[in-house]
Amino acid sequence: MREIQLEVLRYSPETDSEPRFETFQVPCQEDWVVLDAINHVKDHMDSSLTYRWSCHMAVCGSCGMMVNGEPVLSCKAFIRDYPDKIRVEPLANFPIEKDLVVVMDDFMEKLKASKPYIIPKEEKSIDDGEYLQTPLQLEAFKQYSMCINCMLCYAACPQYALAPEFVGPAALALTYRYNKDSRDGGKAERAHMFSKSEGVWECSFVGACSEVCPKHVDPAAAIQLGKVESAVDYFKSFLMPWSR
Amino acid sequence: MSRRPYVREVPRFTWWLKKKFYTEYMMREATCIAVALYSALLIIGLIRLSEGQAEYTAYLEAMRSPLGLILQLIILAFAVYHTITWFKLAPKGMPPMRFKDEKVQPKAIVAAHYAGWVGVSLVILLFVGLV
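Note that the structure is a prediction, hence the values are computed from the model and not measured. (Residues numbered from 1 in each chain as written. Chains lettered and ligands numbered in written order. Predicted model: local features only at pLDDT ≥ 70, side-chain atom pairs only at ≥ 80, totals over all residues. Heavy atoms only, no water.)

## Points about the overall build of chain A
Of regular secondary structure, chain A possesses nine helices and seven strands. Seen along its three principal axes, the alpha-carbon backbone of chain A occupies a region of about 65 × 40 × 30 Å. Within the span of chain A, comprising 244 residues, buried residues form 51% of the whole. Considering only intrachain contacts with a sequence separation of at least 6, the fraction spanning at least 24 residues in chain A is 62%. Computed over 26 positive and 36 negative side-chain charges, the inter-centroid distance for chain A is 5 Å. (Helix = DSSP H or I, 4+ residues; strand = E, 2+ residues; numbered from the N terminus. Buried < 20%, exposed > 50% of the residue type's maximum accessible area, 1.4 Å probe, protein only. Contact = heavy atoms within 4.5 Å. Lys, Arg positive; Asp, Glu negative; His and termini not counted. Charge placed at Lys NZ, Arg CZ, Asp CG, Glu CD.)

## Brief notes about the sheet that holds strand 1 (residues 2–10) of chain A
Residue and element names in this part refer to chain A. Spatially, 2-1-5-3-4 is the arrangement adopted by the five strands of the open sheet, whose pairing is mixed. Only two strands of the sheet have a single neighbouring strand rather than two, namely strand 2 (20–28) and strand 4 (70–73). Pairwise comparison of adjacent strand axes, ignoring direction, gives a mean angle of 35° for this sheet. Here four bridges tie strand 1 to strand 5 (residues 85–89), and the two strands are oriented parallel to one another. Bridge assignment links Val-8 to a residue of strand 5, and that residue is Val-88. (Pairing = 2+ DSSP bridges. Axes fitted to C-alpha atoms, helices over the stretch in contact; angles between N-to-C directions.)

## Looking at the packing of helix 2 (residues 53–64) of chain B against helix 3 (residues 66–89) of chain B
Residues and elements named next belong to chain B. Two elements in contact, helix 2 and helix 3, have axes separated by 4 Å at closest approach and are oriented at 65°. Taken together, the axes of helix 2 and helix 3 are roughly perpendicular relative to one another. Between helix 2 and helix 3, the contacting residues are Ala-62, Met-63 and Arg-64 on the first element and Pro-66, Gly-68, Leu-69 and Gln-72 on the second. Grouping the amino acids of the contact of helix 2 with helix 3 by side-chain chemistry returns four nonpolar, two polar and one charged. (Parallel < 35°, antiparallel > 145°, perpendicular 65-115°, else oblique. Nonpolar A, V, L, I, M, F, W, Y, C, P; charged D, E, K, R; others polar.)

## Here's the deal with the domain arrangement of chain A
Residues and elements named next belong to chain A. Along its sequence, chain A is organised into domain 1 (2–102) and domain 2 (105–243). Between the C-alpha centres of domain 1 and domain 2 the distance comes to 31 Å. Counting residues at the interface gives 16 residues for domain 1, matched by 15 residues for domain 2. Surface buried jointly by domain 1 and domain 2 totals about 1,100 Å² across both partners, of which 65% is contributed by carbon and sulfur atoms. When the buried surface of domain 1 facing domain 2 is broken down by residue, Pro-71, Asn-93 and Phe-94 rank first, second and third, together holding 46% of it. Joining domain 1 to domain 2, the criterion identifies zero salt bridges. For the pair domain 1 and domain 2, the number of links is five residue pairs in polar contact (both at pLDDT 80 or more). Of all elements in the fold, only strand 3 (64–67) and strand 4 reach the threshold of two or more residues within the side of domain 1 that touches domain 2. Its residues assigned to classes, the side of domain 1 that touches domain 2 comprises 12 nonpolar, three polar and one charged. (Domains from an automatic or database assignment. Buried area = accessible area lost by both parts, 1.4 Å probe. Salt bridge = Lys/Arg side-chain N within 4 Å of Asp/Glu carboxyl O. Polar contact = N/O pair within 3.5 Å; in protein donor to acceptor, adjacent residues only side chain to side chain.)

## Considerations on the packing of aromatic side chains
Residue and element names in this part refer to chain B. For the structure on display, the rule yields 15 aromatic pairs over all chains. Taken together, a centroid distance of 5.6 Å and an interplanar angle of 65° make the contact between Trp-15 and Tyr-22 edge-to-face. For Trp-15, a relative accessible area of 12% puts it in the buried group. On the basis of relative accessible area, Tyr-22 is assigned to the buried category, the value being 9%. On the numbers, 5.2 Å between centres and 85° between planes, the contact of Phe-87 with Tyr-114 is edge-to-face. (Phe/Tyr/Trp six-rings, centres within 6.5 Å; stacked < 30°, edge-to-face > 60°.)

## As for the pattern of salt bridges
Residue and element names in this part refer to chain A. Applying the stated criterion across every chain yields a total of 24 salt bridges over all chains. Its salt-bridge partner being Lys-110, residue Asp-106 comes within 2.8 Å of it at the nearest N-O pair. With a gap of four residues between them, Asp-106 and Lys-110 both fall in helix 2 (residues 105–113), about one helical turn apart. When its relative accessible area of 8% is taken as the criterion, Lys-110 is described as buried. Taken together, the shared-partner salt bridges in this structure form one network comprising Arg-10, Asp-16, Arg-20, Glu-22, Asp-46 and Asp-99.

## A closer look at empty space enclosed by the protein
All names here are of chain A. A complete count under the given rule lists three cavities of 30 Å³ or more for this structure. Of the volumes computed, that of the largest cavity is approximately 100 Å³. In terms of lining residues, the largest cavity is bounded by 14 residues, among which Cys-147, Cys-150, Cys-153, Ala-170 and Cys-213 are the most central. Looking at the lining of the largest cavity, the elements with two or more residues in it are helix 4 (152–156) and helix 6 (169–179). Tallied by class, residues from the lining of the largest cavity come to 12 nonpolar, one polar and one charged. Taken together, the elements giving at least two residues each to the lining of the second largest cavity come down to helix 5 (158–162) and helix 8 (208–212). (1 Å grid on protein atoms, 1.4 Å probe; cavity = no way out; pocket = protein on both sides within 12 Å on 5 of 7 lines; lining within 4 Å. Points joined across faces, edges and corners; volume = space filled by probe spheres on them.)

Laid out in structure tokens, this is it:
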């Protein structure tokens, strides 16, 4: 058992004009993660504490928050790796809805507009069988398909902080993932989000997104490769106008 | 219940001082100034060369003076930082490659860049007769 000081950023839209920190003394088990400590506060100290979580196993992507200034999944952040004082804040770069809950509308809209799903090259009937893919074709995009939409990359990205119109790391990485899928034919439909100036070109390659990604998606790599492809497509449209 | 989302302000000019990772990124970007400065020094050298032997000798002497050497050492330090940080990022800008049925690992891509750096440096040192 180890007692930690858990500083939590609180904000109630009904009573507070701005967020404030509240400190809780939390007795923690050796194997606890930060989310366990927050659950302990909710269960035993202050039931009004508001936050998102679901799976407790780094799969659902709901419990992302800033722990000592870094965006992490709180279910994957072990207390034993932190000092006795742990500061928890809502994900950076997003408006605060209440306490640790952020407004994610901007990300959801960008994600939807990016069309992150397979748009088949040619429609096949069920009788024609599956869309087949070789392991090599799968390898071309597999790592980018691991994204769980946890938005840690947006909280890490200073470019998104300064230019909120930036489509952002996860949405661009997912676009790249579907563009690279051998079964897909929707690249042109996604170009309006991907290749515009607020798309890959807004990225200044800080690389923080890839550092914080809990699923090793490496969005920074997807975006840089996306820049190369976007530039090649641009010149191709002049040299080979018929290829459009 | 009313919605009243709170927006936290981001400091427009000092955000990069908040985290070591951001500061290192800004330093990496700033090193291009040193690289540009050295390019300018080389171009000045070319102009001096075209003006005649006396002018070129004066240019070389200025470069060999303590001030010239200090300036070049500072530029060298920035250029080395520039090179190391960009080599580290090189795998992210390379399309997936395969060698003998295996995916080429990021470490191998970085190592190839260092090998290229050593190779080119050796050729230059051979060319100027220092090796």
